[in-house]
Amino acid sequence: MSNHTELGQLIDCTEEEFKEYCKDKDVGYLSSFHNLMVQTYNEVQKLKDELVSHIAKQSKNREQTPEEKSTLEGLYSKMLRIEQRVFILRDLIKSRSIS
């Protein structure tokens, strides 16, 4: 991966690629990156919650559309990938921190 990497690429890459990107980063960088990932997770979760609320209101009159289902599945998938990155970052920070 190049040094100029977008957040989306880091979320979507494999765990090995993500760990490779993080291997030469210091604890301060990893801590800031961890905070960014947590913030990103919270934003995606908010979008998911808003969509679920919208679907729940609409479901009284109709069934969930394929587009709604697909979007919701995509949001859950993205949340899972971000959560995995957060755990990796936590482990890296813990392993590199001075005891």
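Placed above this text is the structure.
Residues numbered from 1 in each chain as written. Predicted model: local features only at pLDDT ≥ 70, side-chain atom pairs only at ≥ 80, totals over all residues. Heavy atoms only, no water.

## A few points about the overall build of the protein chain
Logical step 1: Counting its regular elements, the protein chain contains 4 helices and 0 strands.
Logical step 2: Taken from the N to the C terminus, the helices and strands of the protein chain come in the order α-α-α-α.
Logical step 3: Relative to its length of 99 residues, the protein chain is extended, with a C-alpha radius of gyration of 17 Å against a globular reference of 13 Å.
Logical step 4: In terms of overall dimensions, the protein chain has C-alpha extents of about 55 × 30 × 20 Å along its principal axes.
Logical step 5: For the protein chain, the proportion of its 99 residues judged to be buried stands at 29%.
Logical step 6: Residue pairs at least 24 apart in sequence account for 74% of intrachain contacts in the protein chain once pairs closer than 6 positions are excluded.
Logical step 7: Carbon and sulfur atoms make up 51% of the accessible area of the protein chain, which amounts to about 6900 Å² in all. (Helix = DSSP H or I, 4+ residues; strand = E, 2+ residues; numbered from the N terminus. Rg over C-alpha atoms; globule rule 2.2 N^0.38 Å. Buried < 20%, exposed > 50% of the residue type's maximum accessible area, 1.4 Å probe, protein only. Contact = heavy atoms within 4.5 Å. Areas by Shrake-Rupley, 256 points an atom, 1.4 Å probe, with all protein chains shown as cover.)

## Let's talk about the packing of aromatic side chains
Logical step 1: All told, the structure shown has 3 aromatic pairs when counted by the stated rule.
Logical step 2: Geometrically, the ring pair formed by Tyr 21 and Phe 33 is edge-to-face, given 6.1 Å between the ring centres and 70° between the ring planes. A residue pair is termed long-range when its members are at least 10 positions apart, and Tyr 21 in helix 2 (residues 15-22) and Phe 33 in helix 3 (residues 27-58) qualify at 12 residues. An identical accessibility class is assigned to Tyr 21 and Phe 33; each is buried.
Logical step 3: Judged by centre distance (6.1 Å) and plane angle (55°), the rings of Tyr 29 and Phe 33 are tilted. (Phe/Tyr/Trp six-rings, centres within 6.5 Å; stacked < 30°, edge-to-face > 60°.)

## Some details on the pattern of salt bridges
Logical step 1: Within the structure shown, the criterion is met by 5 salt bridges.
Logical step 2: The closest approach of N and O atoms between Glu 20 and Lys 23, which form a salt bridge, is 2.9 Å.
Logical step 3: Measuring nitrogen to oxygen at the nearest pair gives 2.6 Å for the salt bridge that ties Lys 48 to Asp 49. (Salt bridge = Lys/Arg side-chain N within 4 Å of Asp/Glu carboxyl O.)

## Overview of the environment of Val 86
Logical step 1: Note that Val 86 resides in helix 4 (residues 66-96).
Logical step 2: Measuring from C-alpha to C-alpha, the distance between Val 86 and Leu 36 comes to 9.4 Å, with 50 residues separating the pair along the chain.
Logical step 3: Setting aside anything within four residues of it in sequence, one finds Val 86 in contact with His 34, Met 37 and Val 38.

## Points about the side chain of Thr 40
Logical step 1: Positionally, Thr 40 belongs in helix 3.
Logical step 2: For Thr 40, a relative accessible area of 13% gives the class buried.
Logical step 3: With residues near it in sequence (within four places) discarded, Thr 40 still touches Leu 7, Ile 11 and Ile 82.

## Side note on the state of the cysteines
Logical step 1: What the rule picks out here adds up to 0 disulfides.
Logical step 2: Counting only cysteine sulfurs, Cys 13 is the nearest neighbor of Cys 22, a cysteine outside any disulfide, at a range of 8.4 Å.
Logical step 3: When its relative accessible area of 0% is taken as the criterion, Cys 22 is described as buried. (Disulfide = S-S within 2.5 Å.)

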